[in-house]
Amino acid sequence: MQWCHHPIHFCYLIPTLSLSHTSTLPSIFIHFAFSALVWVAVDKKEIMVLMGLIHTFLNLTAPPFTFVFLCLFLPPYWAFMFFHSTLNSIFNTENIAGKVVLITGASSGIGEHLAYEYAKRGARLALCARRENQLREVADTARDYGSPDVITIRADVSTVEDCRRLVDETVNHFGRLDHLVNNAGISGVSTFEETTDVTNLRPIMDINFWGSVYTTHYAVPHLKDTKGKIVVLSSASAWLPAPRHTVYNASKAALLSMYETLRVEFGPQTHITIVTPGYIESEITQGKYLQRAGKIVFDQDTRDAQVGPVPVGTVTSCAKSIVNSTLRGDRYLTEPSWFSMTHIWKVLCPELLEWSYRMFYMSRTGTPATEAPSKKILDFNGVKKVLYPESIQSHEVKVE
Ligand SMILES: NC(=O)c1ccc[n+]([C@@H]2O[C@H](COP(=O)([O-])OP(=O)(O)OC[C@H]3O[C@@H](n4cnc5c(N)ncnc54)[C@H](OP(=O)(O)O)[C@@H]3O)[C@@H](O)[C@H]2O)c1
């Protein structure tokens, strides 16, 4: 009876059983006859040959089919999507006034400015981070911008218990939750090989990935009640192989994959906007990094090598775009928008992208990151002044 353990037999059973509910008598008969034939006659060897033939057929036909299909399908599809998103932005933009938004990582950078943008539109806010004094200052400014009610919650998103409390306190205070913004994050900066204790990089995954997962887990039942939305701060580094950001890049790629899959599981009831910024002014681009010894440091020389001569976007316009995009129900947003072209480079010629990163962003073995050509180009007179906003050229940092 060994043959009946082969998965392919079960594959024939499933359509047979489902067909028996829906089809006409002759088709049920043919289907049962065919299934019986396969069940009895085909042995393991023949099945393997059949599987091999199926794969060979697909290997030969899938590429030309995909090419021809995309050539025919893409023009009308893009026209439809453009039409749909234009109509959506005119007639379907959500009014967030009075609704409740929970933002993690609201004490600085993008999260702080998201709080201001939501406040300007009259949303009630729950702001979370670890630095309480910074949070209180952000909350005061958000009230000045027009938010009718703001609470601050001190929480570390890498702790599952804190994430549960964060959502509970928000819902207990406001009675509902409309938007969850998973923004809290940190960045690391060391090559894989120079990180002698690799466990020092764990907080990057714990905060960036698991922090979003935990918070989303507790928020989803409340978001379903309000047909709410989720915003997640991934990054263009989800597809860009920027060196010294190994685990950071992986954490952002994990977020991208996780929330794309959640979209399928949730369906249209719970909208998800995945944000993939390039470089935006914040404490991270000011040079705040988790270094290989496991400590958070401010290192603007390494930041210069890391970002190099790439223009850094302003945080105000980034936050405004994120909120507008979310209210329209967009699925993705890359900010600054020109950065989305890097995705095309990645898909069409990944070798070139890897070569460029190696060429410009790596220093010679045994020399510090600051020896990389990216920093040397940036050090040309005046380049940094034009490409970097003033705030990230400053050495002043918010500490508590
Ligand atoms: N700036 C960019 O160029 C850029 C590009 C792509 C993606 N992003 C992403 O955008 C998000 C915001 O970063 P940012 O650039 O605005 O940097 P930022 O100014 O350093 O802000 C990070 C925020 O996360 C909070 N945070 C860090 N660890 C936390 C923890 N364990 N629990 C709770 N909150 C925590 C920080 O607050 P506390 O320290 O007070 O806890 C801070 O409010 C991050 O996910 C980042 O990866 C940024």
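- The name given to the chain in an unreviewed UniProt entry is 11-beta-hydroxysteroid dehydrogenase, with the source organism recorded as Quillaja saponaria.
- Quoted verbatim from the Subcellular location (unreviewed entry) field of UniProt, the annotation for the chain is "Membrane".
- UniProt annotates the chain under Sequence similarities (unreviewed entry) with the comment "Belongs to the short-chain dehydrogenases/reductases (SDR) family."

## Considerations on the overall build of the chain
Phase 1 of the analysis: Tallying secondary structure elements over the chain gives 16 helices and 9 strands in all.
Phase 2 of the analysis: Within the span of the chain, comprising 400 residues, buried residues form 36% of the whole.
Phase 3 of the analysis: In the chain, of all internal contacts separated by at least 6 residues, the share reaching a separation of at least 24 is 72%.

## Overview of the pairing of strand β6 (residues 271-275)
Phase 1 of the analysis: Most of β6 sits out of view: 5 of its 5 residues are buried.
Phase 2 of the analysis: Neither face of β6 is open: one carries His 271, Thr 273 and Val 275, the other Ile 272 and Ile 274, and all of them are buried.
Phase 3 of the analysis: As judged from the 5 bridges shared by strand β5 (residues 229-233) and β6, these two strands associate in the parallel manner. The partner of Val 232 across the bridge, within β6, is Ile 274.
Phase 4 of the analysis: One crossover worth recording links β5 to the parallel β6 by way of helix α8 (residues 246-266), and it is right-handed.
Phase 5 of the analysis: With 2 bridges joining them, β6 and strand β9 (residues 332-333) adopt parallel strand pairing. Paired with Ile 274 across the two strands is Tyr 332, which belongs to β9.

## Comments concerning the pairing of strand β1 (residues 100-104)
Phase 1 of the analysis: Along β1, 5 of the 5 residues are buried, which leaves the element largely enclosed by surrounding structure.
Phase 2 of the analysis: Burial of the side chains of β1 extends over both faces: Val 100, Leu 102 and Thr 104 are buried on one face and Val 101 and Ile 103 on the other.
Phase 3 of the analysis: Bridge count between β1 and strand β2 (residues 124-129): 5 bridges; the pairing is parallel. Across the sheet, the residue bridging to Leu 102 is Ala 126, located in β2.
Phase 4 of the analysis: In this view, the connection linking β1 to its parallel neighbour β2 by way of helix α4 (residues 109-120) has right-handed handedness.
Phase 5 of the analysis: By the bridge criterion, 3 bridges tie β1 to strand β4 (residues 179-182) in an arrangement that is parallel. Its bridge partner lying in β4, Val 101 is registered against His 179.

## A word on unusual backbone geometry
Phase 1 of the analysis: In this model, Glu 335 is joined to Pro 336 through a cis peptide bond whose omega is -5 degrees.
Phase 2 of the analysis: For Pro 336, the position within the fold is in the loop between β9 and α12 (341-348).
Phase 3 of the analysis: The phi dihedral of Lys 227 falls on the positive side, at around 50 degrees, and the residue is not glycine.
Phase 4 of the analysis: Taking the number of C-beta atoms within 10 Å as the measure of exposure, Lys 227 has 12 and is therefore exposed.
Phase 5 of the analysis: Here Arg 244, not a glycine, exhibits a phi torsion of approximately 70 degrees, which is positive.
Phase 6 of the analysis: Structurally, Arg 244 is set in the loop between β5 and α8.

## Side note on the site of the ligand
Phase 1 of the analysis: Gly 105, Gly 109, Arg 130, Gly 185 and Ser 282 are the nearest of the 32 residues found near the ligand.
Phase 2 of the analysis: Broken down by class, the residue content of the shell around the ligand amounts to 13 nonpolar, 14 polar and 5 charged.

## What to know about the nonpolar core
Phase 1 of the analysis: Formed by 69 residues in total, the largest nonpolar core has its most connected members in Ile 103, Ala 115, Leu 125 and Leu 127.
Phase 2 of the analysis: Those residues in contact with Ile 103, other than ones at most four positions away along the chain, are Gly 111, Leu 114, Ala 115, Leu 125, Leu 127, Cys 128, Val 181 and Asn 183.

## Let's talk about the UniProt feature "transmembrane region" (unreviewed entry) in the chain
Phase 1 of the analysis: Mapped onto this numbering, the UniProt entry annotates "transmembrane region" (unreviewed entry) at residues 24-42 and 54-78.
Phase 2 of the analysis: This span, residues 54-78, is 100% helix and 0% strand, and a straight line between its end C-alpha atoms measures 32 Å.

## Digging into the packing of helix α7 (residues 202-226) against α8
Phase 1 of the analysis: Where α7 contacts α8, the two axes come as close as 8 Å, and the packing angle between them is 10 degrees. Judged by the angle between their axes, α7 and α8 are roughly parallel. Considering only the axes of α7 and α8, their crossing is right-handed. Taken together, the residues of α8 that come into contact with α7 (itself represented by Ile 204, Met 205, Asn 208, Phe 209, Ser 212 and Val 213) are Val 247, Tyr 248, Ser 251, Lys 252, Ala 254, Leu 255 and Met 258.

## Observations concerning helix α10 (residues 300-307)
Phase 1 of the analysis: With 6 of its 8 residues buried, α10 lies for the most part within the structure.
Phase 2 of the analysis: Three or more residues of α10 are buried, namely Thr 302, Arg 303, Asp 304, Ala 305, Gln 306 and Val 307.
Phase 3 of the analysis: One or two steps after α10, the chain reaches Gly 308, where phi turns positive at roughly 65 degrees.

## As for α4
Phase 1 of the analysis: Helix length check: α4 (12 residues) gives 17 Å between terminal C-alpha atoms against 16 Å at 1.5 Å per residue, within 8%.
Phase 2 of the analysis: The buried fraction of α4 is high, at 11 of 12 residues.
Phase 3 of the analysis: When α4 is considered as a whole, its buried residues turn out to be Gly 109, Ile 110, Gly 111, Glu 112, His 113, Leu 114, Ala 115, Tyr 116, Glu 117, Tyr 118 and Ala 119.
Phase 4 of the analysis: Downstream of α4 by a residue or two, Gly 122 has a phi angle that is positive, lying close to 85 degrees.

## Side note on the packing of helix α6 (residues 160-174) against α7
Phase 1 of the analysis: Running from N to C, α6 and α7 cross one another at 35 degrees; their axes reach a closest spacing of 9 Å. Between α6 and α7 lies a crossing of right-handed hand. In this structure, α6 contributes Val 160, Cys 163, Arg 164, Leu 166, Val 167 and Val 171 to the contact, and α7 contributes Gly 211, Tyr 214, Thr 215, Tyr 218, Ala 219 and His 222.
Phase 2 of the analysis: Residues belonging to the contact of α6 with α7 are distributed by class as follows: 8 nonpolar, 3 polar and 1 charged.

The rules behind these values
Residues numbered from 1 in each chain as written. Predicted model: local features only at pLDDT ≥ 70, side-chain atom pairs only at ≥ 80, totals over all residues. UniProt positions renumbered as here; feature names shortened; annotations may be inferred. Helix = DSSP H or I, 4+ residues; strand = E, 2+ residues; numbered from the N terminus. Buried ≥ 20, exposed ≤ 12 C-beta atoms within 10 Å, placed from the backbone. Contact = placed C-beta atoms within 7 Å. Pairing = 2+ DSSP bridges. Right-handed = clockwise from strand over helix to strand, strands pointing away. Near = placed C-beta within 6 Å. Nonpolar A, V, L, I, M, F, W, Y, C, P; charged D, E, K, R; others polar. Core = buried A, V, L, I, M, F, W, Y, C linked by C-beta atoms within 7 Å. Axes fitted to C-alpha atoms, helices over the stretch in contact; angles between N-to-C directions. Parallel < 35°, antiparallel > 145°, perpendicular 65-115°, else oblique. Left-handed = near helix turned anticlockwise from the far one by under 90°. Expected span 1.5 Å × (residues − 1).

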